[in-house]
Amino acid sequence: GVGSYSITTGLADKSEISFVTDKKQNITVAIDGQQYEVKTVKLKDYRKDRSLKRTVENTIEITPGKHDVKVTLDGSVIYNQGIFVSAGESKVVEL
């Protein structure tokens, strides 16, 4: 028998968030209390053409919706606020 199956295309239920600073740095990001260790993208590289090469080192995959985001650099909180990401959105936060 053939059976039934479904095909899902696109990234409907996934979004991404990346962070940009003056120079590439290691940061700790807490999203809704879950911690991630990532690197920032250098601002100059991002500003050039407004696109960035997303890698597992600099991008966190998150679910669409509202999230509390806290970024720590060298023990100091440098970003702490709520954000909203749409389905399939790649959000870039300049720190």
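So, how was this worked out
Residues numbered from 1 in each chain as written. Predicted model: local features only at pLDDT ≥ 70, side-chain atom pairs only at ≥ 80, totals over all residues. Heavy atoms only, no water. Helix = DSSP H or I, 4+ residues; strand = E, 2+ residues; numbered from the N terminus. Buried < 20%, exposed > 50% of the residue type's maximum accessible area, 1.4 Å probe, protein only. Contact = heavy atoms within 4.5 Å. Pairing = 2+ DSSP bridges.

Secondary-structure assignment places Val85 in strand 7 (residues 76-85). Judged by relative accessible area, Val85 falls into the buried class, the value being 0%. Separated by 68 residues in the primary sequence, Val85 and Ile17 place their C-alpha atoms 8.5 Å from one another. Beyond its immediate sequence surroundings of up to four residues, Val85 is in contact with Ser15, Ile62, Thr63, Pro64, Gly65, His67 and Lys91.

A few words now on the pairing of strand 7. Two strands pair when backbone bridges link them, and strand 6 (residues 65-73) and strand 7 are joined in this way by nine bridges, in the antiparallel orientation. Bridge pairing links Leu73 to Ser76 in strand 7. Between strand 6 and strand 7, which pair antiparallel one after the other, the connecting turn spans two residues, and Asp74 there sits at a positive phi close to 50°.

Our next topic: the side chain of Ser18. Here Ser18 shows up in strand 1 (residues 15-21). Judged by relative accessible area, which is 1%, Ser18 ranks as buried. In this structure Ser18 touches Leu52, Arg54, Asn58, Thr59, Lys91, Val92 and Val93, once residues within four positions along its chain are discounted.

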